[in-house]
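# Coordinate analysis (summary)
One-letter residues, chain by chain:
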Amino acid sequence: MNHPNRPFVGGNWKMNLRLASAVELAEDVHAALSNQPLAADLDAVVFPPYPYLQAVGRALGHGPPQLGAQDLADHEDGAFTGQVSAGMLDDLDARWVIVGHSERRHGLEEPESVLHRKLVRALTSDLKAVFCVGETLAERESGMAEEVLARQVRSGFSGVDQGLLASVVLAYEPVWAIGTGRTAHPDDASQAHRWIRSTLADLYDAELAAATRVVYGGSVTAANAAELFSRPEIDGGLVGGASLKAETFAAICRAAAARLA
Ligand code: PEP
């Protein structure tokens, strides 16, 4: 790989915090990222719970970090109780959205067809998407990881216009590493990133695959981020637990920005 892609670090706050603590965290992350000369060097994005998007967006102003949502509906507006449309996210100035996080793909058994439609809905609505893929422990232990990742990437991206790929970050998130404290070995993570790019190269071409950002998620911390991000294949991270502390999230952002140094 040649010149590193622009690093990306996402902070997925999941179903944590309350209004006051979400606003406080947003202010602290904003201050921590504004105090260091790294904002221009990476895309740092936080993904608060839906009900706090507007308040967090106000606290962030023009950022950094940028604002994202944890999910979106595959439909336009209409009779879809409890769901949130791309247009509503746009109203709240959320510019990014996560699609296919394993807590939805596996936890809620969202089918691949729905995840594909969500990805298309996001990209055709001018949202940037973080599309998550990852194998379970049983799949890895039975030697199926490469096949599973290829299937998830193919089903997500089939028919997606290549011009939309610049608005996508793929997140390799092995299910067994999310929220478990068990981080993938950097060699295994790099290998998985190569598999993902090889499927993208089949679907599009090698140049586009190399230019598409692929990040790692699964128990990333301030202590392990630098080693993971030192691998040329790993363009940054999607961070859960460690994104709930501003200083830790900022340290992970610094580790990602150092890729360009
Ligand atoms: C995630 O939510 O995408 C994630 C990787 O969580 P954690 O960092 O807590 O493992």
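Our subject in this report is the structure included herewith. Keep in mind it's a predicted model, so treat the numbers as computed, not measured. (Residues numbered from 1 in each chain as written. Predicted model: local features only at pLDDT ≥ 70, side-chain atom pairs only at ≥ 80, totals over all residues. Heavy atoms only, no water.)

### What about the sheet that holds strand β7 (residues 213-217)?
Reading around the circumference, β1-β2-β3-β4-β5-β6-β7-β8 is the order of the eight strands in this closed barrel, with parallel pairing throughout. Here the average twist between neighbouring strands, direction ignored, is 25°. Relative to strand β3 (residues 66-69), strand β2 (residues 43-47) runs parallel, the two sharing two bridges. Looking across to β3, one finds that Val46 is bridged to Leu67. Running over the sheet, helix α2 (residues 53-60) touches β2 and β3 and is turned about 170° from β3. Sheet contacts for helix α5 (residues 112-124): β4 (96-99), β5 (128-133) and β6 (168-172); angle to β5, the most-contacted strand, approximately 160°. (Pairing = 2+ DSSP bridges. Helix = DSSP H or I, 4+ residues; strand = E, 2+ residues; numbered from the N terminus. Axes fitted to C-alpha atoms, helices over the stretch in contact; angles between N-to-C directions. Contact = heavy atoms within 4.5 Å.)

### Considering the packing of α5 against helix α7 (residues 145-157)
Two packed helices can be described by the angle between their axes and the distance between those axes. One can describe the packing of α5 onto α7 by two numbers: an axis separation of 8 Å at closest approach and a directional angle of 50°. One way to sum up the angle between α5 and α7 is to call them oblique. α7 is crossed by α5, and the crossing has right-handed handedness. Along the contact surface, α5 presents Glu112, His116 and Leu119, while α7 presents Arg151, Gln152, Ser155, Gly156 and Phe157. Class assignment for the residues of the contact of α5 with α7 results in two nonpolar, four polar and two charged. (Parallel < 35°, antiparallel > 145°, perpendicular 65-115°, else oblique. Left-handed = near helix turned anticlockwise from the far one by under 90°. Nonpolar A, V, L, I, M, F, W, Y, C, P; charged D, E, K, R; others polar.)

### Focus: the environment of Ser190
Summarising the element assignment, Ser190 is placed in helix α8 (residues 186-203). Sequence separation of Ser190 and Glu27 is 163 residues, and the distance between their C-alpha atoms is 34 Å. The residues touching Ser190, leaving out its near neighbours within four places in the chain, are Arg231, Glu233 and Ile234.

### Structural notes on the packing of helix α1 (residues 19-34) against α2
Closest axis-to-axis distance for the α1/α2 pair is 9 Å, and the angle between their directions is 30°. Taken together, the axes of α1 and α2 lie roughly parallel to each other. Regarding α1 and α2, the two cross each other, and that crossing is right-handed. Where α1 abuts α2, its residues Leu19, Ala22, Val23, Ala26, Glu27 and His30 lie against Ala55, Val56, Ala59 and Leu60. Grouping the constituent residues of the contact of α1 with α2 by class yields eight nonpolar, one polar and one charged.

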